[in-house]
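# Residue-level structural notes
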Amino acid sequence: MLGFCRGRRKFLAASLTLLFVPAVTWIYLLTGHFDDGKSVSLSPLDTQPHSPRYAASSQRESLEVRVREVEEENRVLRKQLSLVQGRSSSHRHGNRSKTYSMEEGTGDSENLRAGIVAGNSSECGQQPVVEKCETIHVAIVCAGYNASRDVVTLVKSVLFHRRNPLHFHLIADSIAKQILATLFETWMVPAVRVDFYDADELKSEVSWIPNKHYSGIYGLMKLVLTKTLPASLERVIVLDTDITFATDIAELWAVFHKFKGQQVLGLVENQSDWYLGNLWKNHRPWPALGRGYNTGVILLLLDKLRKMKWEQMWRLTAERELMSMLSTSLADQDIFNAVIKQNPFLVHQLPCFWNVQLSDHTRSEQCYRDVSDLKVIHWNSPKKLRVKNKHVEFFRNLYLTFLEYDGNLLRRELFGCPSETDVNSENLQKQLSELDEDDLCYEFRRERFTVHRTHLYFLHYEYEPAADDTDVTLVAQLSMDRLQMLEAICKHWEGPISLALYLSDAEAQQFLRYAQGSEVLLNRRNVGYHIVYKEGQFYPVNLLRNVAMKHVSTPYMFLSDIDFLPMYGLYESLRKSVVQLDMSNTKKALIIPAFETLRYRLSFPKSKAELLSMLDMGTLFTFRYHVWTKGHAPTNFAKWRTATTPYRVEWEADFEPYVVVRRNCPEYDRRFVGFGWNKVAHIMELDAQEYEFTVLPNAYMIHMPHAPSFDITKFRSNKQYRICLKTLKEEFQQDMSRRYGFTALKYLTAENNS
């Protein structure tokens, strides 16, 4: 039947060309070719040497007959086309407010064909309709770090094709909620609303069901959606996190209109032999209707399910079956199928292209003729992209397209649909409107208000701060060109680390592959990787630092840079210093003296004595002594060489040491981007808030050589860049004067004297 309907659509779509039939007929006559492939000549000379006149006369008579036949066929086809158009027109006028956006011009030939045959064939069914601005509701259960990553790819594929407002209902644990709430808040996609439901509160609803599936307890939570989702919500599409859409989700939403009678569940038949029980000897699956149904994609009519007492229905079924089955093997899917076995009338079976399952032992290739027919791909195998399927390369490429797709491109407005006013978006627009676009430093000022999409805890993270309140987290930021420093830092610093990585979507996947292939990084669960996605022309260095600082869970932070290696044992040394210097009761910034080497291969000093020897030999230098002495001169390296106890130093202009501070210290100022004054301004703020600068006598860090960054190159080569940086410095100092009054005057004086 599917092939028949497809043939009808192609035939009727092709008949559009008949508007030009008279012209086409004469083109055929002139070229001498007809549809039957036989050559017909219009020149009597071509028939020589056999009876030219007779041949020509016979040819003309043959042509006249053939032309009359073609014209008669054209007349019939034109009549048929006019009937189709009449029905389609009638259908459109009768549902003017509900027409499923053909007029939006997507270029989707499948939609075009569907529009032509709407209301034409009872066998193919009438094309369902969705109101242009109707909100589509999607529910997803998501728990943990990996699932939070997976759900982003699913959401991208939905956003890419969608033309309707979306409302995501995310049943999430505390980890997924933190990650996804920040992601959606910073993504700022118009006409998208997100609500969260606490998965941990739902555990008691399903924890009594033993489950062998790798999804664990969260794999059972789709059973309780009628209780979890708002009572006012009538219908919802439920999706697994390992789903990829290849079409507009509105097409699936429209299928609700096809439900009849007591149908309340829209499901695709299972494409493996699991429920047939013939996969291996003594294989005993849960009861199912035939091959059973897969629950990776479900259409739920919530209002009807509630009236049917769905909660009671599935619980009684589960209790009965568990008496003999003891546990579920496929989580919620087993229970859904057991209920359906007893109540087949509940199901509206969806065509298989709405859930092409790439699990092990599937028959998915048999459910479609061509990959272009597919609507939804379901990676429901633990092997994921390594699953066996003859079209797996096509599926993999589709998935990778969305995996690496620039999410910023999905921040597009839906034309003609009123959207709820977002307060953050409104404030942002107000701030941007107040900027002067003719200002030569406009791009610098604009960067301060740019909202960068942020994915927290991109990889699994596990760390419980020490109970003695002395714990210290190393904080740094980096881009792709500094990735090679991660392993070395992890070897030098055993404590927790918070990193902000400035990457594109594609680079984030490269980083993921790098991290998963590194034994050093895989063995470190106490490193928080926070992806800040690229946008704009400047490197938002201080935003990155703020993101990394904000997600520190220890009482203290070591504010470092990614191209520095801390001395071996610095983590434990700092924890002792925190106690000795009473950091919990005083406002101190502990300075870690900074050195540098010009050698890419360095025998790292294991003690202060060894470091001093390398200084004397010229293997090491005090950091930036030859290009930016003022940055670290107040550390007083001469005193440090012989110091055995911590000593206090005073702030001086352009001072930018690396420090250990309490977690509640001031943030970095976002107006400083790229190269220049980003740390200087922060140290000035610490001084204004009366932090004491204390140098640790037995601590050090060493800067490793690397190619100059793109931003320092811009600073050195672009005069306008330097002018704007000077302007921003002056404005920052004026802001300091307003905030700190008389105390801040010394900063202006110091700047003028430097």
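Residues numbered from 1 in each chain as written. Predicted model: local features only at pLDDT ≥ 70, side-chain atom pairs only at ≥ 80, totals over all residues. Heavy atoms only, no water.

So, on to the state of the cysteines. All told, the structure shown has 2 disulfides when counted by the stated rule. The partner cysteine of C133 in its disulfide is C417, sulfur to sulfur 2.1 Å. Its S-S torsion of approximately -90 degrees makes the covalent link between C133 and C417 left-handed. Here C417 lies in the loop between α13 (392–403) and α14 (423–433) and C133 lies in the loop between α4 (109–117) and β1 (136–142), a separation of 284 residues in the sequence. The disulfide partner of C441 is C724, and the gap between their sulfur atoms is 2.1 Å. Around the S-S axis, the bridge from C441 to C724 shows a dihedral of about -95 degrees and counts as left-handed. In this pair, C441 is assigned in the loop between α14 and α15 (442–447) and C724 in helix α25 (residues 719–740), connecting sequence segments 283 residues apart. C724 carries the same exposure label as C441, and that label is buried. (Disulfide = S-S within 2.5 Å. Helix = DSSP H or I, 4+ residues; strand = E, 2+ residues; numbered from the N terminus. Buried < 20%, exposed > 50% of the residue type's maximum accessible area, 1.4 Å probe, protein only.)

Another aspect to go through is the packing of helix α11 (residues 310–325) against helix α12 (residues 332–342). Running from amino to carboxyl end, α11 crosses α12 at an angle of 100 degrees, the nearest separation of the two axes being 9 Å. Between α11 and α12, the angle falls in the class roughly perpendicular. Listed contacts from α12 to W310, M313, W314, T317, A318, R320 and E321 of α11 are I335, F336, A338, V339 and Q342. Of the residues in the contact of α11 with α12, the class split is 8 nonpolar, 2 polar and 2 charged. (Axes fitted to C-alpha atoms, helices over the stretch in contact; angles between N-to-C directions. Parallel < 35°, antiparallel > 145°, perpendicular 65-115°, else oblique. Contact = heavy atoms within 4.5 Å. Nonpolar A, V, L, I, M, F, W, Y, C, P; charged D, E, K, R; others polar.)

The next point concerns a nonpolar patch on the surface. Together, F742, L745 and L748 make up an exposed nonpolar region whose accessible area comes to about 320 Å². Relative to the helices and strands, F742 resides in the loop between α25 and α26 (745–753). Residue F742 is classed as exposed on the basis of its relative accessible area of 73%. (Patch = residues over 30% accessible without salt bridge, like charges linked within 9 Å, V, L, I, M, F, W, Y side chains within 5 Å. Areas by Shrake-Rupley, 256 points an atom, 1.4 Å probe, with all protein chains shown as cover. Salt bridge = Lys/Arg side-chain N within 4 Å of Asp/Glu carboxyl O.)

Here we come to the environment of L620. With respect to the helices, strands and loops of the structure, L620 is situated in the loop between α21 (608–617) and β19 (621–622). In this structure, the C-alpha to C-alpha distance between L620 and R599, residues 21 residues apart in sequence, is 8.9 Å. Not counting residues within four places of it along the chain, the set of residues in contact with L620 comprises E596, T597, L602, P605, L611, M614, L615 and I702.

Glancing now at helix α5 (residues 144–161). Its 18 residues place the ends of α5 27 Å apart at the C-alpha level, agreeing with the 26 Å of an ideal helix rising 1.5 Å per residue. Among the 18 residues of α5, 14 are classified as buried, and the element is accordingly described as predominantly covered. (Expected span 1.5 Å × (residues − 1).)

Okay, unusual backbone geometry next. Backbone geometry places M188, a non-glycine residue, at a positive phi of 55 degrees. Of note, the phi angle at D469 is positive, near 60 degrees, even though the residue is not glycine. Structurally, D469 can be placed in the loop between β11 (454–455) and β12 (472–479).

Moving on to the sheet that holds strand β13 (residues 497–503). Two modes of strand pairing occur in sheets, parallel and antiparallel, and in both the strands are linked by backbone hydrogen bonds. An order of β11-β14-β13-β12-β15-β21-β17-β22-β20 is seen for the 9 strands of this open sheet, with the pairing classed as mixed. One side of each edge strand has no neighbouring strand; the edge strands of this open sheet are β11 and β20 (647–649). As judged from the 4 bridges shared by β12 and strand β15 (residues 556–559), these two strands associate in the parallel manner. Opposite V475, over in β15, you have L559 as the bridge partner. Along the sheet, helix α17 (residues 505–516) makes contact with β13 and β14 (527–533), crossing β13 at roughly 135 degrees. (Pairing = 2+ DSSP bridges.)

Moving on to the pattern of salt bridges. Summed over all chains, the structure comprises 35 salt bridges. For D505, the salt bridge goes to K156, with nearest N and O atoms at 2.7 Å. Separated by 349 residues along the polypeptide, D505 in helix α17 and K156 in helix α5 bring together distant segments of the chain. D505 sits in the buried class, given a relative accessible area of 4%. Owing to a relative accessible area of 3%, K156 belongs among the buried residues under this scheme. Residue K726 pairs with E730 through a salt bridge whose shortest N-O separation is 2.8 Å. Taken together, the residues span about one helical turn, with K726 and E730 both in helix α25 at a distance of 4 residues. Several salt bridges converge on common partners, so that one network encompasses K156, D406, R453 and D505.

Let's shift gears to the packing of aromatic side chains. If you walk through the whole model with that rule in mind, you get 29 aromatic pairs. Where Y145 meets Y457, the ring centres are 6.2 Å apart and the plane angle is 65 degrees; that geometry is what we call edge-to-face. Of the two residues, Y145 is situated in helix α5 and Y457 in the loop between β11 and β12; the sequence distance between them amounts to 312 residues. The class for Y457 is buried, based on a relative accessible area of 9%. With centroids separated by 6.0 Å and ring planes inclined at 80 degrees, the aromatic side chains of W677 and F732 adopt a geometry described as edge-to-face. With W677 in the loop between β21 (658–662) and α23 (678–688) and F732 in helix α25, the pair connects residues that are 55 residues apart, well separated along the chain. Neither W677 nor F732 differs from the other in exposure class; each is buried. (Phe/Tyr/Trp six-rings, centres within 6.5 Å; stacked < 30°, edge-to-face > 60°.)

If you check helix α6 (residues 174–187), its first and last C-alpha atoms are 20 Å apart, about what 14 residues at 1.5 Å a residue would give, namely 20 Å. Within α6, the full set of buried residues consists of A176, I179, L180, L183, F184, T186 and W187. The elements touched by buried residues of α6 are β1, α5, β2 (166–172), β3 (192–198) and β11. Of the residues one or two after α6, M188 is the one with positive phi, at around 55 degrees.

Okay, the sheet that holds strand β10 (residues 376–378) next. Spatially, 3 strands are ordered β5-β10-β9 in an open sheet, and the strand pairing comes out mixed. Two strands bound the open sheet, and with one partner strand each, they are β5 (243–245) and β9 (356–357). Two elements, β5 and β10, share 3 bridges in a ladder whose sense is antiparallel. What sits directly across from I243, in β10, is H378. Across the sheet, α13 lies against β5, β9 and β10, angled at about 85 degrees from β5, the strand it touches most.

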